[in-house]
Structures are given as C-alpha cells and as structure tokens.
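# Coordinates in review
What follows is each chain in one-letter form.
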Amino acid sequence: MPASSPVDVDLALVGGGGAASLVLAALDRHGVTGVRVAVVDPVRKRGQDRTWAFWGTPGGDLEPLLSASWSRVEVVTAAGRRVLPLAPLRYAMVRSAPVYDRAAEAERRLDAVRIAGPAGELRDDGERVTVCDPSGRALVRAGWVLDSRPRPPSRPGRTSWLQHFRGWWLAAERPTFDPGRAVLMDFRTPQPARGVSFGYVLPVDERFALVEYTEFGPAVLDDAGYDAALRGYAGLLGLDLGALRVREVENGVIPMTDGPFVVRPSRRVVRLGTAGGATRPSTGFTFSAMLRQADQVARAVAAGRPPVPLPAYPGRHRWMDAVALRALDRGHVAGVEFFDRLFDRNPAERVLRFLDGVTTPAEDLAVMRSSPLLPMTGAVLGDAAGRLRARLRPAQGLGDPVAHQRS
C-alpha cells in the first residue's frame, strides 16, 4: 500500500479480536459479495489466547468449533450443590484458535484488505470515514467503520467494578474430571471484603479441564493472589496439583459498570464488543451479545442496509444491572446470597436467558421477585437519587470538579 494512497473500501473493521472475528465469519456465512472490506490491526490473532463460554440451543454455526458443551451445570455454596438441567439450552465452550482460524478463512473469501498497523483517529465527515494511524496518516477511507478497540465508558459509572480472573488449564495422567457436568459458580471460595468470588470448572474430557478463580469487585489481585486463590480452590475440589500439569494460563479483566458506552460516536462509526455495550454490567458476560451483534451486522450488510446492530441489552436490563451492582457494591446484599437466590427461585433456563438479555418483561419481574426485597428497594432508591444528581450536575457549571464523582 503506497504511503500516500489510503485504501478505499465499503466497510472497515478496526481491531481484529473476538468481535471483529465474529463479524468476518458472519459476513462470509451470509454470502456477502461485492462489498470491499478492510481489517486494520497490528496483530493477526492466532492460537489459544482466550476461552469463551456461552449458552444457547444446540446446533448452529459455532457447533463445529466447540471444545465442549454441557446439558447441566452446578452452582455450589457452602450449604450444598445444586445441579441445574439446562434443556432446551446448553452451556458451551469455544476456544479462540478455531474462531480466529474461521475469521482468517472468511477474510480470504471476502478478499478483505489486511492493514497490519495500529489505528488512531477516525475522521467521519458524514459521508466517509478516514481511518488514520497514530501519526495522523490516512490508512483507509470507508463508507462505514466497525470499531472494536477497547475503551472506557463516556463517563464513570455510579458503580464501577471489574470481573477479573485467572484460570489454569490442567492436564491429568488419569481420569480426574467429570466431562458431563460443568461447574458454573462455586461460592465456597473465601469471599472478599467487598465483592464476590467463585470458582469455575469447564472439563473438556476426563483428563483436561479449565479450573478458574473469578472475582467481581473494585480492584484486581496481584499474581501471587490469583495463584493462592487457585491453589485454594483446587484444594476444595480435591485436586492434587502435584499430580497435574498446568498446560496453559488464562487471565482477564472485564469492566462491570453502569457507565454509558457510546455505540455511535459519529454518523458512520459503530462500536462493537465491550466498547459497543456488549458486556453485561452485572456479570461481565460478553460473548453471546457479540455473536448477536455480528449476525445483525452481517444481515444488514447483505441486505444493503447500514451495519448498525440493535442495542446489546434492553434498557430495562441496563437499569436492573445498575441496581444490582449498586446493591452488591454498597453491601445491601451479599454476593453469594444474591446469586444463590437467583438460581434457587428461578428455572435455570430463565436465569440464563435473563443474563443474555433476551427475557420478556414478565420473566424479568419474576427474576426481580427472587431478589431480597428490602435491600434491593434501598438500591433502587439509591440508584434513582444518583441519576437525579447526575442530571442536576450540569447546572453547577462546566468543569465542575465533582461532575464525575461516583454517587
């Protein structure tokens, strides 16, 4: 590509991670032709750098890519073990390598242009978008840009937590794991002073599984903290780490916040992934929403429409998430109690569909009724007061130093 000649395309994907990979595969799956596509990213994603878990009905485009799936999962507390049948849904795991491989094949079939460099400013004149590098040099001119680069919300949330975790892929010489059952949440882990922690087990087969420690809370741990937590959780599972080999390590930090993400920063720029609101604030789950967004984008492009997906979650769900985050953060309700009641008082299918943002208003009311009434009422009132204060702040003047403090 000559330095003075930016590539001209119809659609540019800025960022080449999970969200962009799913979009490329969806464009190919929907038979999109005659659309010039470019991908701008300094790194071509390959290999196993992350694992996604999600629920849905069996079958579908991802089926050949799955590492494992389960028709029942466990939720464990100190009081006992609850086995949840998921039919007609199932819980499934897909690792990044086959997702990236499929995206690379789709990119080839779409004859997409790959620009191996970082993107900087996106200059949208209302008709075309110029994708520049960090120095300001034009790389691409596109009719539309899908930007999946991570970025913070447009303003801090009233509550800002993180889902942060470390997982060990453990290999055993002899049968050790039950491949017929995944552990979705195991709350027997020591609970932090502020937040909630749990363990997680995704067995691929009898000799290979992902064992993970996760926290929802305001701050991450250091390496020693994660490793100590994982050793402790392995002990709770009765695993002899001396007889197991840590084949891979996965780490992650995902925002959990009621701060708003701007999905359309300009007329022809659309954000995807976490920056596009795909992360569920109350849980950190992201993959299912990214999958929906990718399919909606591809269907729109195939039909000649603007590649703008629907909001990742209904407005009422974003409000419910804000209330739940506030209740957990302010100590109105204990994290273990909150999630235990959620699974105890609702069918597993309803809970999982709620976490995916696809339940009906009547189902949402049923979920709300399963929460502790008085503590959640306090959180509702506190959230309403916080929203009112946020609306009144502009009247205090531009540049008010308290304008972005957490309520």
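In case you missed it, the structure is sitting above this.
If you're wondering where the values come from, they're calculated on a predicted model, not measured in any experiment.

## Regarding the sheet that holds strand β5 (residues 72-77)
- A sheet is described by the order of its strands in space; here seven strands give the open sequence β6-β5-β13-β14-β15-β12-β16, paired in mixed fashion. Of all strands in the sheet, those with a lone pairing partner are β6 (80-85) and β16 (244-257), marking the two edges. Each adjacent strand pair in this sheet contributes to an overall mean axis angle of 15°, direction not counted.
- Note: strand β14 (residues 196-205) against strand β15 (residues 208-217), nine bridges, orientation antiparallel. Across the sheet, the residue bridging to proline 203 is alanine 209, located in β15.
- Across the sheet, helix α6 (residues 335-344) lies against β5, β6, β13 (182-186), β14 and β15, angled at about 40° from β6, the strand it touches most.

## Here we look at the sheet that holds strand β7 (residues 90-95)
- On the basis of which strands lie adjacent, the open sheet formed by three strands has the order β3-β7-β4 and antiparallel pairing. Bordering the open sheet on either side are β3 (51-56) and β4 (68-70), each of which pairs with just one other strand. Looking at each pair of strands side by side, their axes are set apart by 20° on average, direction ignored.
- Relative to β7, β3 runs antiparallel, the two sharing six bridges. In the strand pairing of β7, alanine 53 is matched with methionine 93.
- Packing of helix α2 (residues 96-109) onto the sheet brings it into contact with β3 and β7, and relative to β7 it is tilted by some 70°.

## Quick notes on the environment of arginine 247
- Relative to the elements of secondary structure, arginine 247 occurs in strand β16.
- Sequence separation between arginine 247 and alanine 171 is 76 residues; the distance between their C-alpha atoms is 6.5 Å.
- Setting aside residues no more than four positions away along its own chain, arginine 247 makes contact with Trp169, Ala171 and Phe208.

## Overview of helix α4 (residues 287-302)
- For α4, built from 16 residues, the straight-helix expectation of 22 Å at 1.5 Å per residue is met to within 8% by its first-to-last C-alpha distance of 23 Å.
- Turning to α4, its buried residues number three or more, namely Phe287, Ser288, Ala289, Met290, Gln293, Ala294, Asp295, Val297, Ala298, Ala300 and Val301.
- Residues of α4 that are buried make contact with β1 (7-14), α1 (18-29), β3, β7, β11 (138-147) and α7 (348-356).
- At the exit of α4 stands glycine 304, carrying a positive phi of roughly 80°.

## Digging into the packing of α1 against α4
- Between α1 and α4, the shortest axis-to-axis distance is 8 Å and the interhelical angle comes to 40°. In terms of their interaxial angle, α1 and α4 are classed as oblique. With respect to the hand of their crossing, α1 and α4 are arranged in right-handed fashion. Between α1, through Gly18, Ala19, Leu22, Val23, Ala26, Leu27 and Arg29, and α4, the contact on the second element is made entirely by Phe287, Met290, Leu291, Ala294, Asp295, Val297, Ala298 and Val301.
- Looking at the contact of α1 with α4, its residues break down into 12 nonpolar, one polar and two charged.

## Focus: the nonpolar core
- The biggest cluster of nonpolar side chains holds 42 residues, and the ones touching the most others in it are Tyr91, Leu184, Leu202 and Phe339.
- Not counting residues up to four positions away in its chain, the partners in contact with leucine 184 are Trp55, Val73, Glu74, Val75, Tyr91, Phe198, Gly199, Tyr200, Phe343 and Leu352.
- If you look at the next biggest cluster of nonpolar residues, it comprises 39 residues, including Leu11, Leu13, Ala20 and Val39.

## Side note on the side chain of threonine 159
- Mapped onto the elements of the fold, threonine 159 is located in the loop between β11 and β12 (160-172).
- Within the structure, the side chain of threonine 159 is placed 2.7 Å from the side chain of arginine 330, a separation counted as a polar contact.

## Observations regarding a nonpolar patch on the surface
- A contiguous nonpolar patch, built from Trp319, Leu365 and Met368 and spanning about 260 Å² of accessible area, is present on the exposed surface.
- Of note, methionine 368 is situated in helix α8 (residues 361-369).
- Looking at methionine 368, the relative accessible area reads 36%, which means it is partly exposed.

## Here's the deal with the packing of helix α5 (residues 315-329) against α8
- Packing of α5 against α8 leaves a shortest axis separation of 11 Å and a crossing angle of 10°. Judged by the angle between their axes, α5 and α8 are roughly parallel. Listed contacts from α8 to Arg316, His317, Trp319 and Met320 of α5 are Pro361, Asp364 and Met368.
- The residue makeup of the contact of α5 with α8, split by class, is four nonpolar, one polar and two charged.

## Brief notes about the pairing of strand β2 (residues 37-40)
- Of the two faces of β2, the one carrying Val37 and Val39 and the one carrying Ala38 and Val40 are both buried.
- Viewed along the sheet, the connection from β1 through α1 into β2 turns out right-handed.
- Summarising the sheet, β2 and strand β8 (residues 113-115) pair through three bridges and their orientation is parallel. Its bridge partner being in β8, valine 40 is matched across the sheet by isoleucine 115.

Procedures and definitions
Residues numbered from 1 in each chain as written. Predicted model: local features only at pLDDT ≥ 70, side-chain atom pairs only at ≥ 80, totals over all residues. Heavy atoms only, no water. Pairing = 2+ DSSP bridges. Helix = DSSP H or I, 4+ residues; strand = E, 2+ residues; numbered from the N terminus. Axes fitted to C-alpha atoms, helices over the stretch in contact; angles between N-to-C directions. Contact = heavy atoms within 4.5 Å. Expected span 1.5 Å × (residues − 1). Buried < 20%, exposed > 50% of the residue type's maximum accessible area, 1.4 Å probe, protein only. Parallel < 35°, antiparallel > 145°, perpendicular 65-115°, else oblique. Left-handed = near helix turned anticlockwise from the far one by under 90°. Nonpolar A, V, L, I, M, F, W, Y, C, P; charged D, E, K, R; others polar. Core = buried A, V, L, I, M, F, W, Y, C linked by side-chain atoms within 4.5 Å. Polar contact = N/O pair within 3.5 Å; in protein donor to acceptor, adjacent residues only side chain to side chain. Patch = residues over 30% accessible without salt bridge, like charges linked within 9 Å, V, L, I, M, F, W, Y side chains within 5 Å. Areas by Shrake-Rupley, 256 points an atom, 1.4 Å probe, with all protein chains shown as cover. Salt bridge = Lys/Arg side-chain N within 4 Å of Asp/Glu carboxyl O. Right-handed = clockwise from strand over helix to strand, strands pointing away.

Interpretation note: all reported values are geometric properties and have no functional meaning in isolation.
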